[in-house]
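Here is how the chains run, residue by residue.
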Amino acid sequence: MTPAFEKLQKHLKQLPGLGYRSSERIALHLLVEKPAQLPALVAALEEAARAVRRCTRCGNLAEEELCGLCADERRDQTVVCVVEHVPDLVAIERSGAFRGSYHVLHGKLSPIQGVGPEQLNFGALIDRIETGGVGELILALSNDVEGEATCHYLTEYITKGRDVKITRIGFGLPSGGGVLYADSVTLRSALEGRRSFQ
Amino acid sequence: MRLRSLTLRHFRNVGFAALEFSGRQHFLLGANGQGKTNLLEAAGFLTALRSFRTSDNKLLVGHTQHTAAIAAVVEHERQGETKITIKLRHDGKELWCDQARVTKLAEYLGKFPTVVFSSQDLQLVRGSPAGRRRWLDLTLAAMDPGYLRALQMFSRALTERNALLKTGRAGETQLAAFEQTLAPAAAQLIALRSSGIKALGATVKSGYAKLCDDAEPASLVYEPNFAEADAEALLARLEAGRARDAQFRTTLVGPHRDDFQFNVHHTAAKDFASEGQQRSLVLALRLAQAAWFQEKSGVRPVLLADDVLGELDPVRRSRFWSAIDHEAQIIATGTSLPAAELGTWQIFDVADGAFSERGAPREAAL
């Protein structure tokens, strides 16, 4: 292989989910198999790098000051769904079940990974609450130790003394799924989260 | 359950071995260092995907090899005939159960119970608390997914809290955030350990009475680092200890510092019991573990006796023999054949990592 090729491969390999083989394959694809598409890709990368940034209000991807969701006046800006990452937001949006707004933390507290409150998008959330207009925070963070700790941090530190209702999304059986195939931990939380059926 | 066949590839010094078990008693015969214990280790690996000799799976893969494999066919009270395949690499392991990949330990742990009797077991009485905790965690987690879940939550939260303390600038609010998940999991562990040790202790007592005729009662005593199985109380204690924890840069209070003690006649067996009493205690502990597995899961564990039959004097050996479950399959090792009173065995000769069944027709050389 040539030095330039290896340099490219090295950069590709640093992308999430790519190992040595897949980065090699992508590099070959770009340079040898479909070189005609390369300028378009490079232009798209450059344009995206120039245009895409964080929404100043919620941390979602945006090309203006505010993202499309924050700028949309038909959405309920008083209900804020807190998520870890942008793909989580996209997943909830896809469900169509939520018409409020979001707040993306870009991670969760994890001292092992060196992630503290300074690395997370808490400042903008405090601003949002301080300026008023936030009635409810829905915590849609993952159901592991770090996700739970981040929820506790939010309730104890960010919202304490401020008049905000806090809710946590439910954990339980997948829709359309049978009890038989659920793992024991999921079944346990599904039972704990049962509700009256009348 | 009964182990019907066991196949090893590149496992420790065993290049390849395929053993077909028939009957209920199997004896691996060979000089020291030939690979007898390696086979028991592989059989024991089926229970919890952990070795009873090491916590480092790298050591299980043969020299100059990348992958080791264990395949077993098991006759199981609940699942019928099941095929288990385990692949071990330096960086991890893969598990298949009847050709279906298993990715969650909780779905597998303890389904195929085995209990090891080994000369190293004396360390459970004499050795460090870490070894006892390891044994206790495995015994309880194998039969209770709730215990496993609490243990995993607790360990993770503890690691996070300690990582925070190690930075040397841990904020109160961040510590509090992790304590909120740590404390309930810890309280659950303390409660389950306390009841588990109580139940196991009762069986140890009756087992010990069968093994020794000294009328002295044996017992297990739980020594929790923090005695109250109450999340609120532990939370308060963690909060009060934050300054000290910050100084030592680690969490000083909690079930990660628990221990339990063997007592004979109300004194610590570690300090006062004779060698023979200590041996009987660990045998009683292993018998209690087997009874516990059977009671909780309804599955009869396979007993793996590593060189213990040869180590016991004749009186104790016959007592031990009459104390074990005579419906259970037993795979034993030794450097000489077991005494005649111990029944008939299927015998495998072991030499340099190779196993050959005695009396089986030899395959014609090609």
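The model shown is predicted, which means the values in this text are computed figures rather than measured ones.

1. Concerning the overall build of chain B
Next up, step 1: Of the regular secondary structure elements, chain B holds eleven helices and 15 strands.
Next up, step 2: Taking 2.2 N^0.38 as the reference for a compact globule, 366 residues should give roughly 21 Å; the C-alpha atoms of chain B span a radius of gyration of 22 Å, in line with that estimate.
Next up, step 3: Principal-axis analysis of the C-alpha atoms gives chain B an extent of 75 × 50 × 35 Å.
Next up, step 4: Taken across its 366 residues, chain B has 53% of its residues classed as buried.
Next up, step 5: The contacts of chain B with a sequence gap of at least 6 include a subset with a gap of at least 24, amounting to 72%.

2. Focus: the nonpolar core
Next up, step 1: Formed by 98 residues in total, the largest nonpolar core has its most connected members in A:Leu154, B:Phe320 and B:Trp345.
Next up, step 2: The greatest single-element share of this core, amounting to 14 residues, is contributed by helix α5 (residues 172–211) of chain B.
Next up, step 3: The two domains that each donate at least three residues to this core are domain 1 (1–112 + 300–366) and domain 2 (145–277) of chain B.
Next up, step 4: A:Leu154 has contacts with A:Val82, A:Leu105, A:Phe122, A:Leu125, A:Leu139, A:Leu141 and A:Thr159, leaving out every residue within four places of it along the chain.

3. Quick look at the interface of chain A and chain B
Next up, step 1: In this complex, chain A contributes 19 residues to the contact, which on the side of chain B involves 19 residues.
Next up, step 2: With both chains or domains summed, chain A and chain B bury close to 1,700 Å², and 65% of this area falls on carbon and sulfur atoms.
Next up, step 3: Counting the surface chain A buries against chain B, the share from its top three residues, A:Pro111, A:Ile112 and A:Val145, is 33%.
Next up, step 4: Taken together, the connections running from chain A to chain B amount to one salt bridge.
Next up, step 5: The closest approach of N and O atoms between A:Glu146 and B:Arg156, which form a salt bridge, is 2.6 Å.
Next up, step 6: Per element, the largest residue contribution to the side of chain A that touches chain B is seven residues, and it comes from helix α7 (residues 145–158) of chain A.
Next up, step 7: Of the residues contributing to the side of chain A that touches chain B, the split by class is ten nonpolar, five polar and four charged.

4. Observations regarding the domain arrangement of chain B
Residues and elements named next belong to chain B.
Next up, step 1: We note that the domain assignment places domain 1 (1–112 + 300–366) and domain 2 (145–277) within chain B.
Next up, step 2: For domain 1 versus domain 2, the distance between C-alpha centres works out to 32 Å.
Next up, step 3: Between domain 1 and domain 2, the contact holds six residues from the first and seven residues from the second.
Next up, step 4: Both faces combined, the contact of domain 1 with domain 2 buries some 630 Å², and carbon together with sulfur accounts for 63% of it.

5. Describing the sheet that holds strand β4 (residues 100–104) of chain A
The pairing of strands in a sheet comes from backbone hydrogen bonds and takes either a parallel or an antiparallel form.
All names here are of chain A.
Next up, step 1: Spatially, four strands are ordered β4-β3-β5-β6 in an open sheet, and the strand pairing comes out parallel. In the strand order of this sheet, the two ends are held by β4 and β6 (165–168), each with one partner. Within this sheet the neighbouring strands show an average axis-to-axis angle of 25°, counted without direction.
Next up, step 2: Direction of pairing for strand β5 (residues 136–139) relative to β6: parallel, over a ladder of four bridges. The residue of β6 that forms the bridge with leucine 137 is isoleucine 166.
Next up, step 3: Running at roughly 145° to β4, helix α6 (residues 122–130) makes contact with β3 (76–83), β4 and β5 of the sheet.
Next up, step 4: Contacts from α7 reach β3, β5 and β6, with the element oriented near 170° to β6.

6. A few points about the packing of aromatic side chains
Next up, step 1: Taken as a whole, this structure holds ten aromatic pairs over all chains when the rule is applied.
Next up, step 2: Arranged with centres 5.8 Å apart and planes meeting at 80°, the rings of B:Phe21 and B:Phe348 form a pair that is edge-to-face. With B:Phe21 in the loop between β2 (14–20) and β3 (25–29) and B:Phe348 in strand β14 (residues 346–351), the pair connects residues that are 327 residues apart, well separated along the chain.
Next up, step 3: Since its relative accessible area comes to 4%, B:Phe21 is described here as buried.
Next up, step 4: Three or more aromatic residues joined by ring pairs form one cluster here, namely A:Phe122, A:Tyr153 and A:Tyr157.
Next up, step 5: A cation over a ring is seen here: B:Arg101 above B:Trp96, with NZ or CZ 5.6 Å from the ring centre.

7. Some remarks on the environment of B:Tyr147
Residues and elements named next belong to chain B.
Next up, step 1: Counting through the fold element by element, tyrosine 147 comes out in helix α4 (residues 145–166).
Next up, step 2: Among the residues examined, tyrosine 147 registers a relative accessible area of 1% and is labelled buried.
Next up, step 3: In this structure, the C-alpha to C-alpha distance between tyrosine 147 and alanine 185, residues 38 residues apart in sequence, is 9.1 Å.
Next up, step 4: Not counting the four nearest positions on each side in its chain, tyrosine 147 is found in contact with Asp137, Leu140, Ala141, Leu189, Leu192 and Arg193.
Next up, step 5: A distance of 2.6 Å separates a polar atom in the side chain of tyrosine 147 from a polar atom in the side chain of aspartate 137.

Conventions and cut-offs
- Residues numbered from 1 in each chain as written.
- Chains lettered and ligands numbered in written order.
- Predicted model: local features only at pLDDT ≥ 70, side-chain atom pairs only at ≥ 80, totals over all residues.
- Heavy atoms only, no water.
- Helix = DSSP H or I, 4+ residues; strand = E, 2+ residues; numbered from the N terminus.
- Rg over C-alpha atoms; globule rule 2.2 N^0.38 Å.
- Buried < 20%, exposed > 50% of the residue type's maximum accessible area, 1.4 Å probe, protein only.
- Contact = heavy atoms within 4.5 Å.
- Core = buried A, V, L, I, M, F, W, Y, C linked by side-chain atoms within 4.5 Å.
- Domains from an automatic or database assignment.
- Buried area = accessible area lost by both parts, 1.4 Å probe.
- Salt bridge = Lys/Arg side-chain N within 4 Å of Asp/Glu carboxyl O.
- Nonpolar A, V, L, I, M, F, W, Y, C, P; charged D, E, K, R; others polar.
- Pairing = 2+ DSSP bridges.
- Axes fitted to C-alpha atoms, helices over the stretch in contact; angles between N-to-C directions.
- Phe/Tyr/Trp six-rings, centres within 6.5 Å; stacked < 30°, edge-to-face > 60°.
- Lys NZ or Arg CZ within 6 Å of the ring centre and 35° of its normal.
- Polar contact = N/O pair within 3.5 Å; in protein donor to acceptor, adjacent residues only side chain to side chain.

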